[in-house]
Amino acid sequence: MRYRQLTTGTLALGVLLLIDVLRVWLPGIITIFGQAASTPAELMGAFALGWFVLALGAPAVVRRVGARPVTVVAAVALAVARLTLTAAPGGRTQLWVATAGLLAGLVWLVGVAADTDRPVPGLALGFAVNAAVHAVLDTVDLVWRGDWVAWLLSVVAVTVFLVGTAQPGQHSGTDAARTATVDGPDGPAEARGGPGGGRAWLVAGPALLLAAMVALSPALARTGTSYLVGDGVARSPLFGLAPVPVAVAGFLGAALTRPPRGWGRAYGPAALLSGAVLFALDRGDLLLPAILLAAVGLGACLALTDDSADDSGADTSDHASDAADASASRRGYAVAAGMLVFALGAVGYYSAYDLGHPNAAVPVVVAVLIAAVAFTARPVAHRRPGPFPPLRATAAVTSLALLAPVLADEVPMASNREGPPQRLTVVAYNIRMGFGLDGRFDLTGLAEVVERQRPDVVLLSEVDRAWLLNGGHDTLDLLADRLGMPYVFGPAADPVWGDAVLSRWPVRDPRSLPLAAVGAPTGAQALAVTLDLGDGVRTAVVSTHLQPPPGTGPVVQARAVADFAIRYAAGRPLVVGGDLNTEPGDEAFTEFTRAGLVDALAAARPLATSPADDPRQQIDHIFVSPQLTPADPVAPRSTASDHLPVAVTVTLPPR
């Protein structure tokens, strides 16, 4: 393999490993370091930002010690952390291993930047391959899988990365002239310092944020596909990952090919800004166009920074060595600053759900930053060819992404069994985005505790479908596949966070009611569906997650849900359940009984459900209308979430 190909491939592999670590470290902040809604968001944000600020010192270390030793040591630390995370038991060990891996990855990026003046091909390949692999793995990365296949693939990736890092050589810009011809206002002119890659390294962090949040997020693509019905709720889609290969092809093709000249260069920034704005509108029906526009625009913006000319450098060849050192230092600070922008953007965006400040501007501001840096870059007239043919590289990665709709898309089907049932078993469960008390992504634990109840319908709270903060999983689709039950999803905080109903019976007439925030930062809703049990038998079901305002109970929301549920049921049997954040006897609790509903768990009281390892609070509930007779209420023990599920079997009224 030629040197430039090896350098680019090693950079792409390193990016893959760093993103793997980030997908463990980010959720570890709220599931291990702190607890969302109880640990102050400011403290969690300070912890997160501190490590990125610390990495700003890495360029000084590189300048003093040298890029190569720093890069090699950091690469080994990143590789060891990545493998250790697969075996980590969770808890503090997992958090600190992930933190060490993150810091090592940031230092490794700085070291690589010092020796690489053309990072765009490697960065673009890393982002695109990561998206393709993430989709093929159904958004559950190898780091969360403990089987021998996951270990084998992880060891191979780490080994190839370390071998590539250890190869002696010189960076791609060493043999390049320190001056480059650029397009000036009076024709070709000489740019001092030559191509330095500083702009490309500066946008690496912001580009990673938008790629993982929007442009190249398989979970977001599947969620967007599930909204295509167009009635304000989302349902199990056919081939939900089909948009991923399109986004990957658009992104990589734009990133690896030379952008047009003149005002044609504006298409990338314009597309990126349009995609970011559509995403910021928080509408499920706009997610797919947001993804595709952002993917093409992000790739085109990276292409604009590729081989752009430095704005400063040495005046004469006598100072070529000093200019090279200064350029390397600038690149190091650029990538460290760009990764700090990544952290600021992620913290600013997701902390809004605890602190209550608006966050729609965050992706737009990040897109504006990338677009401005890219569009103002001075293009070189004679661009060096990339390490890989653009069409072949794009076709290869797109082919990998095309496997995702075939291998990872499953569509559970609901069908009427013979005759209407006499009983229905209902489970209500706050699944905490799929993370157990130990901080590990625990789909198996969630599915097992639910399956033991043999449910007919499952009501889920804290359902995350694509948040980068939680690892970029589509937890709902994954759990629906494991249970073999299709879903209906009601958005609450945004189109990818809310509540869901899974049912073994066909679902009709879904409706979602947004609930007033009344001072609580996180959005809330009530999702109502009708179960078609055959022969004209219908039962209404409502899933919700009440968010209490500071210092009081969710009385206003409880009253709104109870009224909505009674109106929706229109005299039919009714089940209402979820994480209601209220205790029996509280004013919010009595709003449901005042509406004529019955506490289906009364026979088992007290029935505490939170925290899961030492339950003391009774805050997860199921209510039913008087036509239904509840029996066998239970809260089975499990640490697959921070709540216990509650289950009850209800007998339907005689026909």
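What this report covers is the structure whose coordinates are included nearby. Predicted model only: the values in this text are computed from it and were never measured.

### Focus: the sheet that holds strand S7 (residues 497-503)
Argument step 1. Taken in spatial order, the 7 strands make up an open sheet running S3-S6-S7-S5-S4-S15-S14, and their pairing is mixed. Looking at strand neighbours, the two that pair on one side only are strand S3 (234-235) and strand S14 (629-634), the edges of this open sheet.
Argument step 2. The pairing of S3 with strand S6 (residues 487-494) spans 2 bridges and is classified as antiparallel. Directly across from Arg-235, in S6, lies its bridge partner Val-488.
Argument step 3. Sheet strands touched by helix H19 (residues 475-483): strand S5 (457-464), S6 and S7. Its angle to S5, the strand with the most contacts, is close to 155 degrees.

### Side note on helix H6 (residues 120-136)
Argument step 1. The terminal C-alpha atoms of H6, which comprises 17 residues, lie 24 Å apart, in line with the 24 Å expected from a rise of 1.5 Å per residue.
Argument step 2. With respect to burial, H6 is a largely interior element, 14 of its 17 residues being buried.
Argument step 3. One or two steps after H6, the chain reaches Asp-138, where phi turns positive at roughly 60 degrees.

### Describing the sheet that holds strand S9 (residues 524-532)
Argument step 1. Taken together, 6 strands build an open sheet; the order of strands is S8-S9-S10-S11-S13-S12 and the sheet is mixed. Two strands in the sheet have a free side with no partner beyond their single neighbour: strand S8 (507-515) and strand S12 (598-599).
Argument step 2. The pairing of strand S10 (residues 538-545) with strand S11 (residues 574-579) spans 6 bridges and is parallel. Bridged to His-545 within S11 is Asp-579.
Argument step 3. Each of S8, S9, S10 and S11 is contacted by helix H20 (residues 555-569), which is oriented at about 155 degrees to S8, the strand it contacts most.
Argument step 4. Of the strands in this sheet, S11, S12 and strand S13 (620-624) touch helix H21 (residues 587-594), which is tilted by about 15 degrees from S13.

### Things to note about the environment of Ala-124
Argument step 1. Mapping Ala-124 onto the fold places it in helix H6.
Argument step 2. In this structure, the C-alpha to C-alpha distance between Ala-124 and Asp-535, residues 411 residues apart in sequence, is 55 Å.
Argument step 3. Setting aside anything within four residues of it in sequence, one finds Ala-124 in contact with Phe-251, Leu-252, Ala-255 and Leu-256.

### Quick word on unusual backbone geometry
Argument step 1. For the bond running from Arg-605 to Pro-606, omega is -5 degrees, close enough to zero to count as cis.
Argument step 2. Tracing the backbone shows Pro-606 in the loop between S12 and S13.
Argument step 3. In this chain, Ser-610 is followed by Pro-611 through a cis amide linkage whose omega measures -10 degrees.
Argument step 4. By the secondary structure assignment, Pro-611 is in the loop between S12 and S13.

### Things to note about the packing of aromatic side chains
Argument step 1. Enumeration according to the criterion identifies 22 aromatic pairs in this entry.
Argument step 2. Between the aromatic rings of Trp-25 and Phe-47, the centroid separation amounts to 6.5 Å while the plane-to-plane angle is 25 degrees, which identifies the pairing as stacked. Within this pair, whereas Trp-25 is found in helix H1 (residues 3-33), its partner Phe-47 is found in helix H2 (residues 41-54), the two being separated by 22 residues in sequence. Accessibility classification places Trp-25 together with Phe-47 in one group, the buried group.
Argument step 3. Note on Phe-564 and Tyr-568: the rings are 6.3 Å apart at their centroids and 35 degrees apart in plane angle, and the pair reads as tilted. Taken together, the residues Phe-564 and Tyr-568, both in helix H20 and 4 residues apart, mark about one turn of the helix.
Argument step 4. Using a relative accessible area of 8% as the deciding quantity, one classes Phe-564 as buried.

### As for the pattern of salt bridges
Argument step 1. Inspection of every chain in the model, using the stated rule, returns 16 salt bridges.
Argument step 2. Taking the shortest distance from any N to any O, the salt bridge between Arg-23 and Asp-141 comes out at 3.4 Å. Remark: Asp-141 occurs in the loop between H6 and helix H7 (148-166) and Arg-23 occurs in helix H1; sequence separation between them is 118 residues.
Argument step 3. Classification of Arg-23 by relative accessible area gives buried; the value is 6%.
Argument step 4. Under the relative-accessibility criterion, Asp-141 is labelled buried at 3%.
Argument step 5. Where Asp-306 meets Arg-118, a salt bridge forms, and the shortest distance between an N and an O atom there is 2.8 Å. Here the residue Asp-306 occupies a position in the loop between helix H13 (287-305) and helix H14 (320-350), and Arg-118 occupies one in the loop between helix H5 (91-115) and H6, the gap between them amounting to 188 residues.
Argument step 6. Residue Asp-306 is classed as buried on the basis of its relative accessible area of 6%.

Procedures and definitions
- Residues numbered from 1 in each chain as written.
- Predicted model: local features only at pLDDT ≥ 70, side-chain atom pairs only at ≥ 80, totals over all residues.
- Heavy atoms only, no water.
- Pairing = 2+ DSSP bridges.
- Helix = DSSP H or I, 4+ residues; strand = E, 2+ residues; numbered from the N terminus.
- Contact = heavy atoms within 4.5 Å.
- Axes fitted to C-alpha atoms, helices over the stretch in contact; angles between N-to-C directions.
- Expected span 1.5 Å × (residues − 1).
- Buried < 20%, exposed > 50% of the residue type's maximum accessible area, 1.4 Å probe, protein only.
- Phe/Tyr/Trp six-rings, centres within 6.5 Å; stacked < 30°, edge-to-face > 60°.
- Salt bridge = Lys/Arg side-chain N within 4 Å of Asp/Glu carboxyl O.

Read these as geometric descriptors, not functional statements.
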